[in-house]
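Chain residues, written in single-letter form:
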Amino acid sequence: MPGVAQEKSGWELAQVNIARLRAPLDSPRLADFVAALEPVNALADAAPGFRWRLQTEDGDATAVTAFEWDAGSSAGVIVNLTVWESVEALGAFAYSGLHREVLGRRREWFEAMAEAYSALWWVPAGEWPSTADAEDRVRHLRSHGSTPWAFGLRDHFPPPDQPAAGPSAGRSDWMCPA
């Protein structure tokens, strides 16, 4: 139930979101986005409930090759893959502070996507998902909608070791500002 502390679980929440670039990362059009990467990533790293994020030695994941099949006519796809203690921890970070401000500007930098561009799923505590795992979850969510195997913040499921009658609705303040 949103807003209620979750029982300690042997599971953590994996999250992926992708974006189709309107221009190359080194273009003036994306300069504000690129400038925000380091401070937003630092906030995520220090956020309560944060466990892990995909990154290269540069400190972000913009050079990671994944989701190439989804690029369409865009300038490419970037991926954000993280692990959190809980749905609540992810939501609290994603829809507050600087991250929310940056999220509110995403239409300036990324193409609108009609299909799912984000997916959540549970992973055993301490295990980090791969980009192949993330691609599978997004494809599943696009094909089947929200299920315990792949879901979103709007209709999430509890960890596999906790009972559930169906998906739980996300909080009203966990919606994208853009």
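Computed from a prediction, not measured in an experiment: that's the story for all the values here.

Asks: Tell me what's going on with the nonpolar core, and back it up with residues and numbers.
Replies: Residues Leu13, Trp84, Leu90 and Phe110 are the most contacted members of the largest nonpolar core, which totals 29 residues. For this core, the secondary-structure elements that each account for two or more residues are strand 1 (11–20), helix 1 (31–46), strand 3 (77–84), helix 2 (87–94), helix 3 (97–103) and strand 4 (118–124). Setting aside residues no more than four positions away along its own chain, tryptophan 84 makes contact with Glu12, Leu13, Ala44, Ala47, Pro48, Gly49, Phe50, Arg51, Ala89, Leu90 and Phe93.

Asks: How would you explain the sheet that holds strand 1 if you had to name every residue and give the values?
Replies: In space, the four strands of this open sheet follow the order 2-3-1-4, with antiparallel pairing throughout. The outermost strands of the open sheet, each flanked by one partner alone, are strand 2 (50–53) and strand 4. The sheet shows a mean angle of 25° between the axes of neighbouring strands, direction not considered. Contacts between helix 1 and the sheet are confined to strand 2 and strand 3, with strand 2 contributing the most and set at about 140° to the helix.

Asks: I'd love a proper account of the pairing of strand 4, names of residues and values included.
Replies: In terms of burial, strand 4 is a largely internal element, five of the seven residues being buried. Across seven bridges, strand 1 lies against strand 4 in antiparallel orientation. Within strand 4, the position partnered with glutamine 15 by the bridge is leucine 120.

Asks: Quick one: what's the story with the side chain of histidine 156, residue by residue and with numbers?
Replies: With respect to the helices and strands, histidine 156 occurs in strand 5 (residues 155–156). Assessed through its relative accessible area of 5%, histidine 156 is described here as buried. A distance of 3.1 Å separates the side chain of histidine 156 from the backbone oxygen of leucine 153, its partner in a polar contact.

Asks: So, the layout of surface pockets: which residues are in play, and what are the values?
Replies: Approximately 1,200 Å³ is the volume attributed to the largest pocket. Looking at the largest pocket, it is lined by 49 residues, and the ones nearest its centre are Gln15, Asn17, His99, Leu103 and Tyr117. Within the residue set of the lining of the largest pocket, elements represented by two or more residues are strand 1, helix 1, strand 3, helix 2, helix 3, helix 4 (106–109) and strand 4. It is helix 1 that provides the largest number of residues to the lining of the largest pocket, a total of six residues. A class-by-class count of the residues in the lining of the largest pocket yields 31 nonpolar, ten polar and eight charged.

The rules behind the values
- Residues numbered from 1 in each chain as written.
- Predicted model: local features only at pLDDT ≥ 70, side-chain atom pairs only at ≥ 80, totals over all residues.
- Heavy atoms only, no water.
- Core = buried A, V, L, I, M, F, W, Y, C linked by side-chain atoms within 4.5 Å.
- Buried < 20%, exposed > 50% of the residue type's maximum accessible area, 1.4 Å probe, protein only.
- Helix = DSSP H or I, 4+ residues; strand = E, 2+ residues; numbered from the N terminus.
- Contact = heavy atoms within 4.5 Å.
- Pairing = 2+ DSSP bridges.
- Axes fitted to C-alpha atoms, helices over the stretch in contact; angles between N-to-C directions.
- Polar contact = N/O pair within 3.5 Å; in protein donor to acceptor, adjacent residues only side chain to side chain.
- 1 Å grid on protein atoms, 1.4 Å probe; cavity = no way out; pocket = protein on both sides within 12 Å on 5 of 7 lines; lining within 4 Å.
- Points joined across faces, edges and corners; volume = space filled by probe spheres on them.
- Nonpolar A, V, L, I, M, F, W, Y, C, P; charged D, E, K, R; others polar.

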